[in-house]
Amino acid sequence: MTLPKGFGSGGTGGSSSADIERMIGRRVENMTGMITISYWAALLATFGGTAAGYFYYPWAYPTASGHFAFIVLAIIEAIGYIFCVKVMEEGSNKNSNGIVAGSIAASVAFVLFVSLYVGW
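Residues numbered from 1 in each chain as written. Predicted model: local features only at pLDDT ≥ 70, side-chain atom pairs only at ≥ 80, totals over all residues. Heavy atoms only, no water.

Novice: Pulling in residues and values, what's your account of the packing of aromatic side chains?
Specialist: Inspection of the entire model under this criterion finds nine aromatic pairs. With 4.5 Å between their ring centres and 15 degrees between their planes, Y39 and Y81 make a pair best called stacked. Pair noted here: Y39 is in helix α2 (residues 32–56) and Y81 is in helix α3 (residues 63–88), with a separation of 42 residues, a long-range link. Like Y39, the residue Y81 is buried in the burial classification. Ring centres 6.0 Å apart and planes at 65 degrees place the aromatic pair F47 and F70 in the edge-to-face group. Of this pair, F47 sits in helix α2 while F70 sits in helix α3, placing them 23 residues apart in sequence. Cluster of aromatic residues (ring-pair linked, three or more members): Y39, W40 and Y81. (Phe/Tyr/Trp six-rings, centres within 6.5 Å; stacked < 30°, edge-to-face > 60°. Helix = DSSP H or I, 4+ residues; strand = E, 2+ residues; numbered from the N terminus. Buried < 20%, exposed > 50% of the residue type's maximum accessible area, 1.4 Å probe, protein only.)

Here is the structure:
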């Protein structure tokens, strides 16, 4: 791989991972926090969208339908979150199973709370 001027080990054409990291920027293995924040933002946005049906349009969107939509979308988002974190850490020594497990457990508790106590 030919790197731009100023990167690499001179004329040998070899490139190290440190050179590529410097050229590209931050490594994705270090972005577990950003992906976790994005997951929670998506989950809260999903709740906000279904809350419009719970509170502003209850005659058009029955509560049970809103709960079903919220649960299904939360499951899809959780699967996507796990997939993103595990693909991001592929081939690295990072291990964020605790962060992922805690975040998923907290989101399950949040979804259960919303499904049991909101809108009935």
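Novice: Could you give an account of the side chain of T32, with specific residues and numbers?
Specialist: In this fold, T32 is placed in helix α2. For T32, a relative accessible area of 9% gives the class buried. Excluding residues within four positions of it along the chain, T32 makes contact with M88, E89, S96 and I99. (Contact = heavy atoms within 4.5 Å.)

Novice: Summarise the packing of α2 against α3; cite the residues concerned and give the values.
Specialist: Relative orientation of the contacting elements α2 and α3 amounts to 170 degrees, with a least axis distance of 10 Å. With respect to their mutual orientation, α2 and α3 come out roughly antiparallel. Facing α2, whose interface residues are T32, I35, T36, Y39, A42, L43, T46, F47, T50 and Y54, α3 presents T63, G66, H67, F70, L73, A74, E77, A78, Y81, C84, V85 and M88. Along the lines of polarity and charge, the residues of the contact of α2 with α3 split into 14 nonpolar, seven polar and one charged. (Axes fitted to C-alpha atoms, helices over the stretch in contact; angles between N-to-C directions. Parallel < 35°, antiparallel > 145°, perpendicular 65-115°, else oblique. Nonpolar A, V, L, I, M, F, W, Y, C, P; charged D, E, K, R; others polar.)

Novice: Could you give me a rundown of helix α4 (residues 97–117), with the residues and numbers involved?
Specialist: A rise of 1.5 Å per residue sets the reference length of α4, with its 21 residues, at 30 Å; its end C-alpha atoms lie 30 Å apart and thus fit the reference within 8%. For α4, the full list of buried residues reads V100, S103, I104, S107, V111, V114 and S115. Mapping the buried residues of α4 onto a view down its axis gives an arc of 100 degrees, with all of them on the same face. Pointing more than 90 degrees away from the buried face of α4 are the exposed residues G98, L116 and Y117. In this structure, the buried residues of α4 make contact with α2 and α3. Phi turns positive one or two residues past the end of α4, at G119, with a value near 90 degrees. (Expected span 1.5 Å × (residues − 1). Arc of directions from axis to C-beta.)

All we've got here are geometric facts, nothing functional implied.
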